[in-house]
Amino acid sequence: MTAPPDPAGAPDALLSASSVAGLLASAGVSAVSTQERELREVGERAGRAIAAGSAVYAFGAGHAQAFAMELCSRAGGLPGFVSMSLEDLRPERRDFCWSLRDSEPERSARAGIDLLAHHGVGPGDVVLIASQSGRNGAAVEMARQCRRQSVYVAGVTCLAHSARAGASPEPA
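Fair warning: this is a prediction, and the values are worked out from it, not measured in the lab.

A.B. asks: What is the right way to read the pattern of salt bridges from this model?
C.D. replies: Working definition: two side chains of opposite charge can pair if their charged atoms are close together. Evaluation of the coordinates by the stated rule reveals 6 salt bridges. Ionic pairing is found between Arg110 and Asp114, a salt bridge with its closest N-O pair at 3.0 Å. Placement of both Arg110 and Asp114 in helix H6 (residues 109-119) is noted, with a separation of 4 residues, approximately one turn of the helix. On the basis of relative accessible area, Arg110 is assigned to the partly exposed category, the value being 44%. Here the salt bridges share partners, and the residues they tie into one network are Glu141, Arg144 and Arg148.

See the structure below:
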């Protein structure tokens, strides 16, 4: 039996568990401290929408789909929150892992508009869109369509990455 590698001899590129935990905590604290006003506004808008009988829709494609799933798609999810997935537009369901492997739907600007229509999103509702880069066509066009329809929309993204992502795709 071979002994595990000695962590003391590990290259500097490898991070310890406490280093990773520190990085994650720092990122979370930074996001909350730099975006507190915006986060409060989104929370207030969502609360007012639910109180008025409207819904809060959450969307993310690929791995950002976990954001929408955490808010609404399980026991203990928040009442009044509805998860939107690009899989909702497929005529036949497929295993969850396939939606993570197939990035084509999230690049389609048309898919963002179609998903809003599929769920009947309209004025009074709130839409939360998670996108790591803030660049894929479905998320970008979904946000644009929300604005055109006077639907309050908020994006959850990595500010540093989306600033480097470049121009978004052309609208549908």
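A.B. asks: Would you explain helix H2 (residues 36-51) in this entry?
C.D. replies: The α-helix advances 3.6 residues per turn, and as a result positions three or four apart in sequence lie on the same side. Its 16 residues place the ends of H2 22 Å apart at the C-alpha level, agreeing with the 22 Å of an ideal helix rising 1.5 Å per residue. Taken together, the buried positions of H2 are Val42, Ala46 and Ala49. Angular distribution of buried residues about the axis of H2 spans 65°; they occupy a single face of the element. Relative to its buried face, H2 has exposed residues pointing more than 90 degrees away, namely Arg37, Arg40, Arg48 and Ala51. If you follow the buried residues of H2, they end up packed against strand E1 (56-60), strand E2 (81-84), strand E3 (126-130) and strand E4 (152-156). Phi turns positive, to about 90°, at Gly53, one or two residues after H2.

A.B. asks: For this particular structure, what's the right way to read the side chain of Asp125?
C.D. replies: Mapped onto the fold, Asp125 is located in the loop between H6 and E3. Within the buried set, Asp125 has no salt-bridge partner at all; the shortest N-O distance to an opposite charge, 12 Å, is to Arg45. Of note is the side chain of Asp125, whose polar atom sits 3.0 Å from the backbone nitrogen of Ala55. One polar contact links the side chain of Asp125 to the main-chain amide nitrogen of Gly122, over a distance of 2.9 Å. Not counting residues within four places of it along the chain, the set of residues in contact with Asp125 comprises Ser54, Ala55, Tyr57, Gly120, Val151 and Tyr152.

Conventions adopted
Residues numbered from 1 in each chain as written. Predicted model: local features only at pLDDT ≥ 70, side-chain atom pairs only at ≥ 80, totals over all residues. Heavy atoms only, no water. Salt bridge = Lys/Arg side-chain N within 4 Å of Asp/Glu carboxyl O. Helix = DSSP H or I, 4+ residues; strand = E, 2+ residues; numbered from the N terminus. Buried < 20%, exposed > 50% of the residue type's maximum accessible area, 1.4 Å probe, protein only. Expected span 1.5 Å × (residues − 1). Arc of directions from axis to C-beta. Contact = heavy atoms within 4.5 Å. Lys, Arg positive; Asp, Glu negative; His and termini not counted. Polar contact = N/O pair within 3.5 Å; in protein donor to acceptor, adjacent residues only side chain to side chain.

Functional significance is not addressed by these values, which are geometric in nature.
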